Amino acid sequence: MKSLTLFSVLFLLATLDLIGQTCYIQKLDASGIDVTPYQNDLNAAACELQSSFPSEFQNSFKVFGYGYYRILTSVNEDQNSLPSFEASKVQAQAESDYYLLIGKQSTDAGIYLKFWVDVKLPETGDFACLTESFRLLITEKVRQAIESNYDARGRFYPEYAQAEMAGMQELERIVNNIKNGQCCEFGAKEILDVLADLDFVGFPCVIYDQPAFRPNSSQGQGRSPIEITDHAQLNFEIQEVFINTNQVLFDLLTNLSVQGYIGKGFITKNENFCDNNKFDDVKDSYQADLSDYDIWYHIWDNPVAGEEDIVFIKSEKFDEIQEAVNVTSLPVNDGNFEWLDKTTLRNYV
């Protein structure tokens with residue numbers, strides 16, 4: 001009887017300890033909505049997410065909820081940046097080593113029209129396998145889980161808590177997979193959003209799954225060879241014109257080299273995100289010197305049959321290259337087509 005009583009007391013204490021945990025921290029919500037009725041459910045979901053982490057990280061992980069009110073002053077205002085969200089990230093980093101940050105944006109057009117998400121995961125132990133790009137993709141998967149659930153509920157603002165819990169459940173699933181050694185499980189949609197965040201611009205195309213012709217990289221004595229790292233080996237058609245990816249990039253870099261502009265070429269595809277970190281290796285090489293004239297293509301394969309693929313291009317000298325080189329094929333905008341900018345890409349697929 002005593003042992004049963006002792007067990008009951010211990011169980012009660014453990015339960016009270018769980019109930020007393022604060023895993024979801026509600027910050028300022030500028031929408032003016034009373035969010036207190038949703039806090040218990042949100043906190044319970046956050047505690048479940050926290051408990052999915054390896055024990056050494058559990059006490060260092062929190063979920064933060066914010067609400068923003070954005071006054072739109074211009075139709076040209078950048079909708080992919082929000083200063084108050086950046087400030088929230090700084091505050092979350094100061095309060096917890098690891099976190100899931102969920103922000104809800106309201107405007108004069110309505111309540112909770114858009115979700116902003118940031119995820120900070122450990123870098124050691126089971127999480128050491130995560131590259132920088134993997135971490136961006138995880139954040140995007142969580143954001144998409146929230147938005148998809150909110151869409152399914154008619155984007156009615158009282159349903160925001162259910163949508164946030166769907167995001168927590170998605171991160172919990174990802175954490176469990178990471179603990180089981182599955183670090184790379186990303187789809188084309190997450191990759192597209194990450195490319196937009198990395199400031200690629202793109203244009204619809206049709207991919208040809210065949211090896212690209214590789215031109216001779218040496219161009220005469222005394223001239224620097226043209227370096228192209230091609231991890232894609234794909235060609236494509238754009239506006240009914242067949243493009244040999246490697247050749248076009250080689251011709252552009254050669255033209256630049258003649259004028260004294262030195263740069264390297266890089267070509268990647270979706271599979272490179274999970275292929276021995278090739279995407280991150282290219283990103284590191286590209287970012288090693290942002291003052292040169294490097295050009296990076298990413299050929300994005302659309303998983304939806306019958307819909308167009310996208311060829312992306314990134315260069316810190318994009319505008320200068322357009323002025324310096326007169327070409328009528330793909331590498332620069334010759335005025336005959338319009339690039340998909342970041343906002344357009346967000347809504348493209």
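Look a little higher up for the structure.
Procedures and definitions
Residues numbered from 1 in each chain as written. Predicted model: local features only at pLDDT ≥ 70, side-chain atom pairs only at ≥ 80, totals over all residues. Heavy atoms only, no water. Helix = DSSP H or I, 4+ residues; strand = E, 2+ residues; numbered from the N terminus. Buried < 20%, exposed > 50% of the residue type's maximum accessible area, 1.4 Å probe, protein only. Contact = heavy atoms within 4.5 Å. Salt bridge = Lys/Arg side-chain N within 4 Å of Asp/Glu carboxyl O. Pairing = 2+ DSSP bridges. Axes fitted to C-alpha atoms, helices over the stretch in contact; angles between N-to-C directions. Expected span 1.5 Å × (residues − 1). Disulfide = S-S within 2.5 Å.

Asker: Got a sec to walk through the overall build of the protein chain? Specific residues and values, please.
Answerer: From N to C terminus, the protein chain includes 11 helices and 11 strands. Out of the 349 residues belonging to the protein chain, those deemed buried represent 48%. Across the protein chain, contacts joining residues at least 24 apart in sequence account for 70% of those joining residues at least 6 apart.

Asker: I'd like a description of the pattern of salt bridges, backed by residues and values.
Answerer: Once their charged atoms are close, side chains differing in charge can pair, the charge on each being opposite to the other. As enumerated under the stated definition, the model contains 16 salt bridges in all. As a salt-bridge pair, Asp-275 and Lys-278 come within 3.1 Å of each other at their nearest N and O atoms. With a relative accessible area of 27%, Asp-275 lands in the partly exposed category. According to the relative accessible area criterion, Lys-278 is partly exposed, its value standing at 26%.

Asker: Go over the sheet that holds strand S1 (residues 24-29) with me, naming the residues and quoting the values.
Answerer: The four strands lie next to each other as S1-S2-S3-S4, forming an open sheet whose pairing is mixed. Where the open sheet ends on each side, the last strands, each with one partner, are S1 and strand S4 (110-120). Neighbour-to-neighbour, the strand axes of this sheet turn through a mean angle of 15°, independent of strand direction. In this sheet, strand S2 (residues 61-69) lies alongside S1 in parallel orientation, the contact comprising four bridges. Note that in S2 the partner of Ile-25 across the bridge is Phe-64. Taken strand by strand, helix H4 (residues 83-95) contacts S1, S2, strand S3 (98-107) and S4, and its axis lies near 155° from that of S2.

Asker: Just give me the short version of helix H5 (residues 132-152), but keep the residues and values in it.
Answerer: Over its 21 residues, H5 runs 31 Å from end to end, which matches the ideal 30 Å to within 8%, given 1.5 Å per residue. In terms of burial, H5 is largely enclosed, as 15 of its 21 residues are buried. Looking one or two places after H5, you find Gly-154, whose phi comes out positive at around 80°.

Asker: Describe the state of the cysteines, and please don't skip the residues or the numbers.
Answerer: Within this structure, the stated rule accounts for three disulfides. Here Cys-129 connects covalently by a disulfide to Cys-183, the sulfurs 1.6 Å from one another. On the sign convention where negative means left-handed, the S-S torsion of about -65° between Cys-129 and Cys-183 marks this disulfide as left-handed. Residue Cys-129 is located in the loop between S4 and H5, and its partner Cys-183 is located in the loop between helix H6 (160-179) and helix H7 (188-197); the two are separated by 54 residues in the primary sequence. Using a relative accessible area of 12% as the deciding quantity, one classes Cys-183 as buried. In this model, Cys-184 is linked to Cys-274 through a disulfide, with the two sulfur atoms separated by 1.5 Å. A torsion of -65° about the S-S bond marks the disulfide between Cys-184 and Cys-274 as left-handed. Of this pair, Cys-184 sits in the loop between H6 and H7 while Cys-274 sits in the loop between strand S9 (265-269) and helix H9 (278-287), and the two are 90 residues apart along the sequence. A relative accessible area of 27% means that Cys-184 is categorised as partly exposed. We classify Cys-274 as partly exposed; its relative accessible area is 43%.

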